[in-house]
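Residue strings, one per chain:
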Amino acid sequence: MRTYLAPIGFNSTAITRPVLSNGIDTGDKIILIRPTKTPTDDRAQNAVNEVTDFLQEVEPEITVTTQTINHTDFETAILQCSDLIQAPTDTTAVILGGGARDILLPFTIAALAHAHTINTALFYSDLSQNVSTWTLPTLTISTTQQTRKTLQAITSTNKISISDLTAQTNKSKSTITRHLSQLEAEGAITTWKEGKTKFAQPTTTGKLFINQHLHKST
């Protein structure tokens, strides 16, 4: 079963399109996130009703609920969104791009903080009306200084073979292999083989991590 978490504003399509593109089945849950205080008009509630009616017409055996977040305090909003993201025990999908900014920003920060627990991140573009699947960077990774140097060498070339990486860093193949395993476990790189040659490439997580440390040292 999947749990969809999505801030909602006035546009129901920003929720229904991503859900349908990712798939919906019996037992799935959709949690619509709203601020504690909403405008006096009915547009927000109408959007909730539209999402509920449309998705339950597609798959009657789902649940759609609404969760309010205290948007008046930034830290509280982040922590409440964090609790929502960590609560599901099944597959978790977040939908970014909808809802009031007062909720969307805290929700996005919480999603980045828990990127490793989120199975799918979806985005609906108001400009193109297309749905994209995003890979969220992990903002908290832990490496040793030597492993960080290996990551820096990878990010400087963007794509590098293991043999070239060994030569460039002047480290043994066993050391590089160990570093790559640690970095891949942290989500900082991806590795693959082309024939018998193994390559490594930095992810957004790895690039952000190196950028952060480069600016700290300047």
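The structure presented is a predicted model; accordingly, all values stated were derived computationally and were not measured. (Residues numbered from 1 in each chain as written. Predicted model: local features only at pLDDT ≥ 70, side-chain atom pairs only at ≥ 80, totals over all residues. Heavy atoms only, no water.)

Draft legend 1. Up close: the layout of surface pockets. Quantified by volume, the largest pocket comes out at close to 150 Å³. Counted by class, the lining of the largest pocket contains 3 nonpolar, 7 polar and no charged residues. (1 Å grid on protein atoms, 1.4 Å probe; cavity = no way out; pocket = protein on both sides within 12 Å on 5 of 7 lines; lining within 4 Å. Points joined across faces, edges and corners; volume = space filled by probe spheres on them. Nonpolar A, V, L, I, M, F, W, Y, C, P; charged D, E, K, R; others polar.)

Draft legend 2. How the structure looks around unusual backbone geometry. Of note, Gln129 is a non-glycine position whose phi angle comes to about 60°, a positive value. Following the sequence through the fold, Gln129 ends up in the loop between β5 (120-124) and β6 (131-134). Among the residues examined, Gln129 registers a relative accessible area of 37% and is labelled partly exposed. A positive phi angle, near 70°, is found at Asn158, a position not held by glycine. (Helix = DSSP H or I, 4+ residues; strand = E, 2+ residues; numbered from the N terminus. Buried < 20%, exposed > 50% of the residue type's maximum accessible area, 1.4 Å probe, protein only.)

Draft legend 3. How the structure looks around the sheet that holds strand β8 (residues 189-194). Pairing is antiparallel across the open sheet formed by 3 strands, whose spatial order is β7-β9-β8. The sheet terminates laterally at β7 (160-161) and β8, the two strands that pair on one side only. On the sheet, helix α5 (residues 145-157) packs against β7, β8 and β9 (197-202) and is oriented at approximately 90° with respect to β9. Against the sheet, helix α7 (residues 173-185) engages β8 and β9, with an angle of about 125° to β8. (Pairing = 2+ DSSP bridges. Contact = heavy atoms within 4.5 Å. Axes fitted to C-alpha atoms, helices over the stretch in contact; angles between N-to-C directions.)

Draft legend 4. Spatial organisation of the environment of Ser172. Here Ser172 shows up in the loop between α6 (162-169) and α7. Each C-alpha atom, one on Ser172 and one on Asp28, is 49 Å from the other, the two residues being 144 residues apart in sequence. Within the structure, Ser172 has its side chain in polar contact with the side chain of Ser174 (distance 3.1 Å). (Polar contact = N/O pair within 3.5 Å; in protein donor to acceptor, adjacent residues only side chain to side chain.)

Geometric descriptors of this kind do not, in isolation, establish any biological role.
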